[in-house]
Amino acid sequence: MALLDWINEATGPVVKGRGVTLRPPRASDYEAWATLRQASHAWLQPWEPLWPEDDLTRPAFKRRLGIYGREMEAGNAWPFFIFADSDQALLGAITLSNVRRGVAETGTLGYWIGRKFAGQGHATAAARAMVAWAFDDLKLHRVEAACVPDNTPSRRVLEKSGFHLEGQARAYLKINGVWADHLLFGVVNDGAGRDG
């Protein structure tokens, strides 16, 4: 296990943002991740898909890491944990998923922040950093995101990160066990309106 942790410690890109560092999850992150998710469960659940019963277990985390590794290797998704530069505390996670190349050159942004770190600008810093990385390093043309209409904090993160409201989709994603409408946002790599 120690060898696996050591190998995992050295892999994947690192993205720097204003006061935050983004990097792929590692096996050694399990305790901090499970603790933060558990402490934030009631606060996060209204905005997320239902959690599987074993979601916070070490075997489930190990499966998650395997999926993440395959997605990154294929270039289909880039899952990162968000850490505070000040004390290296795990703050949450951000993922650029559904990366499509060819005529689209786009990806979808998703994120969560632990309850005790919410409202402090960490999600905005992470979103800005991820969008800049998607454009500058991955050479994507567009990044999309969506949020439930009454998730005002998430909407503010997107707006402060340069995303523009583009519309609303009915029954877009199954959130907390119910098909929920979502506001659709996008930002295009035109060099304007970005602040990494």
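Up top you'll find the structure we're talking about.
Predicted model only: the values in this text are computed from it and were never measured.

Undergrad: A description of the pattern of salt bridges should follow, citing residues and the corresponding values.
TA: Counted according to the given criterion, the structure contains 11 salt bridges. A salt bridge links Arg64 to Asp55, with the shortest nitrogen-to-oxygen separation between them at 2.6 Å. Between Arg142 and Glu144 there is a salt bridge, with the nearest N and O atoms lying 3.0 Å from each other. Overall, the relative accessible area of 23% leaves Glu144 in the partly exposed class. Because the salt bridges share partners, they merge into one network encompassing Arg100, Arg142, Glu144 and Glu166.

Undergrad: Pulling in residues and values, what's your account of the sheet that holds strand 7 (residues 164–175)?
TA: Remark on secondary structure: sheet strands pair via backbone hydrogen bonds, oriented parallel or antiparallel. Spatial strand order, 1-2-3-4-5-6-8-7: 8 strands in an open sheet with mixed pairing. Edge strands, defined here as strands with exactly one partner in the open sheet, are strand 1 (15–16) and strand 7.

Undergrad: Give me the lowdown on helix 4 (residues 122–136), citing residues and values where you can.
TA: Taking 1.5 Å per residue as the helical rise, helix 4 with its 15 residues ought to reach 21 Å, and the 21 Å between its terminal C-alpha atoms agrees with that figure. Burial runs high along helix 4: 13 of the 15 residues are buried.

Undergrad: Give a detailed account of the pairing of strand 6 (residues 142–147), specifying residues and quantitative values.
TA: Relative to strand 6, strand 5 (residues 106–113) runs parallel, the two being bridged by 3 bridges. Across the sheet, the residue bridging to Thr108 is Glu144, located in strand 6. Bridging between strand 6 and strand 8 (residues 178–188) involves 6 bridges; their strand directions are antiparallel. The residue bridging Cys147 from the neighbouring strand is Leu183, located in strand 8.

Undergrad: An account of the packing of aromatic side chains is needed here, citing residue identities and associated values.
TA: Between two aromatic rings, the relevant description is the distance of the centres plus the angle of the planes. Considering all chains together, one arrives at 7 aromatic pairs under this definition. Relative to Trp133, the ring of Trp78 lies with its centre 5.4 Å away and its plane at 80°, an arrangement referred to as edge-to-face. With a gap of 55 residues between them, Trp78 in strand 3 (residues 78–84) and Trp133 in helix 4 connect regions that are remote in the sequence. Of the residues examined, Trp78 reaches a relative accessible area of 14% and is grouped as buried. When the ring of Phe81 is compared with that of Phe83, the centres are 6.5 Å apart and the planes differ by 55°; the resulting orientation is tilted. In this structure Phe81 comes out as buried when scored by relative accessible area, which is 2%.

Undergrad: So what about helix 2 (residues 30–44)? Which residues, and what values?
TA: Here helix 2 is 15 residues long, yet its end C-alpha atoms lie only 18 Å apart, well below the 21 Å a rise of 1.5 Å per residue gives. Where helix 2 bends most, at Gln38, the angle is about 35°. Among all positions of helix 2, only Tyr30, Trp33, Ala34, Leu36, Arg37, Ser40 and Leu44 are buried. In this structure, the buried side of helix 2 is in contact with helix 3 (58–74), strand 3, strand 4 (90–100) and strand 5.

Undergrad: Kindly report on the pairing of strand 8, identifying the contributing residues and their values.
TA: Relative to strand 8, strand 7 is paired through 8 bridges, and the arrangement is antiparallel. For Gln168, the partnering residue across the bridge sits in strand 8 and is Leu183. What sits between strand 7 and strand 8 in their antiparallel hairpin is a turn of 2 residues, with Asn176 showing a positive phi close to 50°.

Calculation rules
- Residues numbered from 1 in each chain as written.
- Predicted model: local features only at pLDDT ≥ 70, side-chain atom pairs only at ≥ 80, totals over all residues.
- Heavy atoms only, no water.
- Salt bridge = Lys/Arg side-chain N within 4 Å of Asp/Glu carboxyl O.
- Buried < 20%, exposed > 50% of the residue type's maximum accessible area, 1.4 Å probe, protein only.
- Pairing = 2+ DSSP bridges.
- Helix = DSSP H or I, 4+ residues; strand = E, 2+ residues; numbered from the N terminus.
- Expected span 1.5 Å × (residues − 1).
- Phe/Tyr/Trp six-rings, centres within 6.5 Å; stacked < 30°, edge-to-face > 60°.
- Bend = angle between axes of the 7 residues up to and from the residue.
- Contact = heavy atoms within 4.5 Å.

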